[in-house]
Each structure stands twice: as C-alpha cells, then as structure tokens.
Amino acid sequence: MKKPANYIFPLALIFAGGLLPVFLGAYPQAVARSVFTFMALAISWDMLLRSGQISFGIAGFFGLGSYTAIILSVRAGVAPVVAMLSAAAFAALVAFLLGFLVLRLRSTYFSITTLALGEIFKVIIHNWSSFTGGPEGLVLPQVVFGGKSSSLYWLSYAILLFAVGASVLFEKSKMHFSLTAIRNNEIAARTSGINIFANLLIAFTASSLIQGLVGGVHVMSYGFAMPDTAFDANYTLLPLAMALLGGIHSTWGPIIGALLLGVISEYLKLMIPYGHLLVYGLIIILVILFMPRGIYGLIKKERSKRNG
Amino acid sequence: MKKFLTMFVLSAFLASTAFAQGAIKIGANWNLADITGNHGSKGAMLAVEEINKAGGVLGKQLQLVIVDDEGKGDKGVAAIEKLVTVDKVDFLIGGMSSAVALAQVPTMKKYQKVVVSTGAASYLVENALGADADWYFHLHPWDYTQGASYLEGWTAIRNKYPNIKIDRMFLAYEEGAFGKSSYDSSKKMFEKDFQFDGESFKSAALGGGDYTAMIEKAKEYKPDIFLWAGYDADALPMLEQAKAMRFSPPLFVGAPPGWPKDFGKSKLADNVTLYGMWAPSINDVNPVSKKFYDAFVAKYKEEPATYFGPLAYSAVYVLAEGIKRAGSLDSTAVIKALEQTKYLSALGETISFSPSNVIKHQGIRNQKILQWQNGRQEVIWPFEVQTRPPVYPFPAWK
C-alpha cells in the first residue's frame, strides 16, 4: 500500500491546476485549454495502446463526439451538459458495437481499420447535409458559459481530470495486468485465463468515450463543427506525437509530452513567427529518434538505476 | 564594459517602453505558413512602415503585433486572447480562413474591439456575428456577393463580346466547405440565367488529386464555361489531366483563393481564366497598386503572389485613415469614422462600407475576372480596370 505522502504531490498538482485561472489571464488559459484537449486525447490513446493495439481512430471518435453534441444542441435544443455527455455516450456506443468487428484484427490491420473508420464517419457526416449541415457544418447560437475564459478552462480541466482518473484506474486495477499480458504475449495471456476480447473491448470503448467527450466539449467551447476541422488528422497525429515524446504505457508520459509540445509550440510561434513549424517538427523527430522511450521512460530508467 | 552593457540594456528598455506607450497598437492574425497569410502579413507590415515614415497617425507611431493562427480555430482564439489581454492592442485586423473566424467570433464578441477583417468568405461567419456587431468591418467579399459579382461579370462579358457564348456552365468543386459553399451559392445564382451542372472532386491539397471522373462528366456535359473551385494544389494537376483527356472547354476558369507561385510560368496556364481581387497588371491602371507593388518587391525581393498582400495593406490604411478622421482611439468614434471610409485601394477599387445580408459594415463585394495571357494575369472584367480583352475560345490542346 502506498504511503499517504505519495498522494500529496499529485493532489497538490491537481489543486494548483484548478487554481490557475485565479492567477493567469485569458491568453494562458486559452493555450491551456488547447493543451488539455490534446493531453486528454493522448492519454486516451495510450490507454488502448497498453494492450498493444495502435489506434489511428482518435480523430474519428473526436469528430463523432463533436457532431453528436452540436447536432443535439442545434437540432433538438438539448442543454450543453447533456449534449457533451451524450457525445461521450454515443462515441462509446459506436466503439462498443464496432469493437465486435474491429477487435478481431491485430497490429497494422487494426490500425488501418481504425483510420478508415474515422474517414467513414467523416464521409457520412459530409454527405448527410440535411441533418449534419454537410461540408459547411453547423454553428451554435452561443458557446457554453457565454465564452467566459475561466469557466471554459475549468470545463476542459475537469475533462482532463476525468481522462487522467480513467487512465490511473486502468493502471491500478486488474486491467493493467490483463492489458500488459495481452501486449506481451496474447497466447500466454489467453492460457492464463484472461478474457482477451472483453479486455480489449473495455479499453477500446473507454478510450473512445474519452475521445467523444473531448470532441463534445471542444465543439461546445468553440461553437462550430465542420467535417474538415472536426475530423482533422491533427487530432490523431498530435496526441500520438505527444504520447511518444512523453513516454508510452503510462499516465505521466502523455501528460509530460502534451505539456512540453503544447508549450513549446506556442513559445516557438511567438519567437519565430515565420518558420516555427519547421523547428517544432525537427524537435519531435530528434526526440523520438534519440529518446525512443520518451521522457517518462528516461526518468523511470534513471530512477531504477539510482535504486540499484 | 559591464557599466556600458548595463547602460545599453537600460536605455533600450526605456526606449521600448516609451515607444510602446506612445504607439497605436494593431493586433493581427494570419496563418503565416500559408502563402495568403505570409503575404498578407507582409502587406500589413509594409503599410505600417509607410504610415510611420509619413509621421504616423494622430502624432503617434503604429505598432503591428502579428500572431500566427496556424489556420486552426483554437490557435485563432488564443491569438485574439493574447493580442487583447497581453499585448493590449487597440484594434484588430487580419484573418483568412472561415473556420478560424467562426471559432474567433465568440471571443471577438466578448472584447468588441474594432476589427477590420481581411478573410472569412463563408456566410456562416456573418450569421454568427449577428446584426449587432457594429465593430466588425469585413473587407473580403462574402461567398454570395462573390457569386453575384461573377454573374454580373459574365453577363457583362457576354453582352460586350457577342462571339463569347455562355449558356451552359459546369462547376467542379472541391468536396470541402469552401467548394460546397461555392457550388451552392453559384447554383442558386446562375441557375436562373444559365444551364448549370456540377461535380465534386477531392482536392490535391486534402489528399486527392484524381480529377478524371469529374472531367469525364464535364466533357459529356459540353459546357461553354468550365469553372473549378478548389485550392492552389489543384491548378496544375487538373490542367495536366484535362490535357491528357483532351478536355478544352471554350472558357476554362479557376477560382482558388491563391495560385501556385510560378503558375504563370507553366505553358498550361496560358488563357486560363481566374477569379481574384488583384493582379500585378492592375499596376497599369491604378497608381496605388503600383506604389504597393514596387514597395513590396523592393522590401521583400519577391512579387506578391495573392491578393491578400494588397488586401491586408489596404486594411491597415483603411484603419489608419479611420483613426485619423475619428481624432481619437475611442471605439465609437472610430466606428463612425470608418463608416465614412472612401479609400482608393491597391486592389483597384474604392473601398467603402455598407450593409450586407446580416452585418452593417461590408467592404468589397466583387471579385474580378482575370485571365493568364503570356505569363501575366490580365483583368478582363470589370471593364473600368480592364487591362486586356479576353482571349476566346480557350485553345484546343496540342
């Protein structure tokens, strides 16, 4: 059992994060919201990755959540909180049902299928103009909380804490051992009595639920959804890069990666307005080349060396 | 040495503080990695430099603070938050993408700074702003005013040159928001006077680039005028495929927001017609355009590749003249003064503001009809700024 002292640092961090709007202005809060969005997506991606399954469907479920929330809000006048929760529920339901088909696949076949799923969602929304607004999308009459910076910050912070909580739960529960066993050797895991399909289905549904929820919150905060923006490949690529940079198979890794890349990208943009993307890309390539285990992996390695 | 350095740092700090306190701050956002934002920001910097050299505005220097919006909604919102709350700008200019503008609208509404917008063609932005947004001055035409200007232009060309037959129109459009809204507004507009059909394609800019099915359909339709609404990445491959499929309609018209930098140097470009707000040939008929062009080339050693250069340049001048007329930085006074704008711009037309469907302050309404002739974009309509008559028909492929 962990000593109570071990909980002090994470709890202090959570408390400090919640207090930030008291000290920070609207601009850092806006940047933080963006960082939290990608952080939650990176964590959710990692939750499934712990089973060895690499999903490229983040943007698909994010977009699905975005559209669920905005359609409910615009077409049915549903309250923002209900719309956001419904976004999570619908993404989870779709993932659960599709899971029966796609979770039979492994490695590249699974990855490519999840990528294709996102494209299929996008094509349906794109072509169902009368309901989804088609390529031009839908616009909310008003964003949630009237666009108040601190409220929007706390909303995205709450969603991030939910994602962190789910990830920690995966790490601390029996799920962790099941997923690690599946990743290391599926046949051995099955022989040990682990229900492979059930565990994968839970991980796939839970990670999609978070992605849908983040999409729903994002659309209610920015007020519009278009297929090109809601299903933007960046919602898949950036969380991947963040998790790889921070370190995979952990909750801390994606948090560190998203924080670093989010802050670095904003800093570089202000320092090198014409050419920051080049430097940003170069940093990602170098870190992944020379730190394949990510920053958290490196920290863990150093710590275990020190402990003998 | 140490003393000298301390003195230097101290005097530099004092000078910058004094400058910042005395300056009129203009905040701007564009997607700087894109040619439209890159040249737009350069056009704005040029205008600020010229105005400051001429003594500034109300005895103060202008200070332009540019933030890259990266073409993303969340980054666009953060840009506005930074400009308003950290840089404490007095006014806002800039923009290109409608999606970024849509994300920014709630934040702009929150601060209600006077905005002179250079982008956002989608009518959805206007709907999101609402009729009360009297602080929003929109320079770029809306999609539907552009559509109306094309109708006006082609009707005028048909009337002036009886040999130009325009009855059947085919619009190829990229399948995203930009292309679809162009198709919808054009269909609505042209259907009354022309036979109209169309087909979508996946833009090369978004992972597509195969136009054969669309060209096949267009070929079967036998249009008098073939238009495409896509992105710069589509321009050359579409012509290559049209050539391969021997598709040469009498009028081959492209309507991307920007053209590839060296498109005019390609042999395929000759006699392709296009829509745009500006071309270097306007220098022949408009002294402001020539002044802008010469200064841009001298400063940046390159030619302005899109109309966003002169558009952003004009935005700064429109705002500066408005502040001068207002005699203060007070928003209400500047809004009133901007409503009186009559600015002969580098785009070859006088900018003034009047209501559009929703907002009160719409600037430019028309795009121009241009044509590549011998490597140069010539204006063929409006006739008052025409630089060459149209070449018709588009020659058959050899």
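Residues numbered from 1 in each chain as written. Chains lettered and ligands numbered in written order. Predicted model: local features only at pLDDT ≥ 70, side-chain atom pairs only at ≥ 80, totals over all residues. Heavy atoms only, no water.

### Some remarks on the overall build of chain A
Point 1. Along its length, chain A carries 15 helices and two strands.
Point 2. In chain A, which comprises 308 residues, the share counted as buried stands at 53%.
Point 3. Taking all contacts inside chain A whose residues are at least 6 apart in sequence as the whole, residues at least 24 apart take part in 80%.
Point 4. Of the roughly 14,300 Å² of accessible surface on chain A, a fraction of 72% belongs to carbon and sulfur atoms.
Point 5. Each charge sign in chain A was given a centre, from 20 positive and 9 negative side chains, and these centres are 13 Å apart. (Helix = DSSP H or I, 4+ residues; strand = E, 2+ residues; numbered from the N terminus. Buried < 20%, exposed > 50% of the residue type's maximum accessible area, 1.4 Å probe, protein only. Contact = heavy atoms within 4.5 Å. Areas by Shrake-Rupley, 256 points an atom, 1.4 Å probe, with all protein chains shown as cover. Lys, Arg positive; Asp, Glu negative; His and termini not counted. Charge placed at Lys NZ, Arg CZ, Asp CG, Glu CD.)

### Thoughts on the overall build of chain B
Point 1. A tally of regular secondary structure across chain B gives 12 helices and 14 strands.
Point 2. In terms of overall size, chain B behaves like a compact globule, its C-alpha atoms giving a radius of gyration of 22 Å where 398 residues would be expected to give roughly 21 Å.
Point 3. Taken along the three principal axes of its C-alpha coordinates, chain B extends 80 × 50 × 40 Å.
Point 4. The burial tally for chain B puts 58% of its 398 residues in the buried class.
Point 5. Of the contacts formed within chain B by residues at least 6 apart in sequence, a portion of 69% connects residues at least 24 apart. (Rg over C-alpha atoms; globule rule 2.2 N^0.38 Å.)

### Focus: the pairing of strand β4 (residues 114-117) of chain B
All names here are of chain B.
Point 1. Residue alternation in β4 divides its side chains into two sets, V114 and V116 and V115 and S117, and both sets are buried.
Point 2. Here strand β3 (residues 91-94) runs beside β4; their pairing, made up of four bridges, is parallel. Bridged to L92 within β4 is V115.
Point 3. For the crossover from β3 across helix α4 (residues 98-111) to β4, the handedness is right-handed.
Point 4. Considered for its hand, the β-α-β crossover made up of β4, helix α5 (residues 123-129) and strand β5 (residues 136-138) is right-handed. (Pairing = 2+ DSSP bridges. Right-handed = clockwise from strand over helix to strand, strands pointing away.)

### A few points about the domain arrangement of chain B
Residue and element names in this part refer to chain B.
Point 1. As assigned here, chain B comprises domain 1 (2-143 + 285-351) and domain 2 (145-282 + 369-385).
Point 2. Computed from C-alpha atoms alone, the centre-to-centre distance between domain 1 and domain 2 is 31 Å.
Point 3. On the side of domain 2, 15 residues touch domain 1, which itself brings 20 residues to the contact.
Point 4. Three residues stand out in domain 1 for area buried against domain 2, namely D143, V285 and Y307, and they jointly supply 33% of the buried area on that side.
Point 5. Taken together, domain 1 and domain 2 are joined by zero salt bridges.
Point 6. The interface formed by domain 1 and domain 2 holds eight residue pairs in polar contact (both at pLDDT 80 or more) in total.
Point 7. Those elements that place two or more of their residues in the side of domain 1 that touches domain 2 are α10 (287-300) and α11 (308-326).
Point 8. Top contributing element to the side of domain 1 that touches domain 2 by residue count: α10, with three residues. (Domains from an automatic or database assignment. Buried area = accessible area lost by both parts, 1.4 Å probe. Salt bridge = Lys/Arg side-chain N within 4 Å of Asp/Glu carboxyl O. Polar contact = N/O pair within 3.5 Å; in protein donor to acceptor, adjacent residues only side chain to side chain.)

### Examining the sheet that holds β5 of chain B
By definition, the strands of a sheet pair up through backbone hydrogen bonds, in either a parallel or an antiparallel sense.
Residues and elements named next belong to chain B.
Point 1. In spatial order, the strands read β2-β1-β3-β4-β5; together these five strands make up an open sheet with parallel pairing. Here the strands that pair on one side only, and so sit at the sheet edges, are β2 (62-68) and β5. Between one strand and the next, the sheet's axes are offset by a mean angle of 20 degrees, whatever the strand orientation.
Point 2. Sitting on the sheet, helix α2 (residues 35-53) touches β1 (24-30), β2 and β3, and the angle it makes with β2 is about 170 degrees. (Axes fitted to C-alpha atoms, helices over the stretch in contact; angles between N-to-C directions.)

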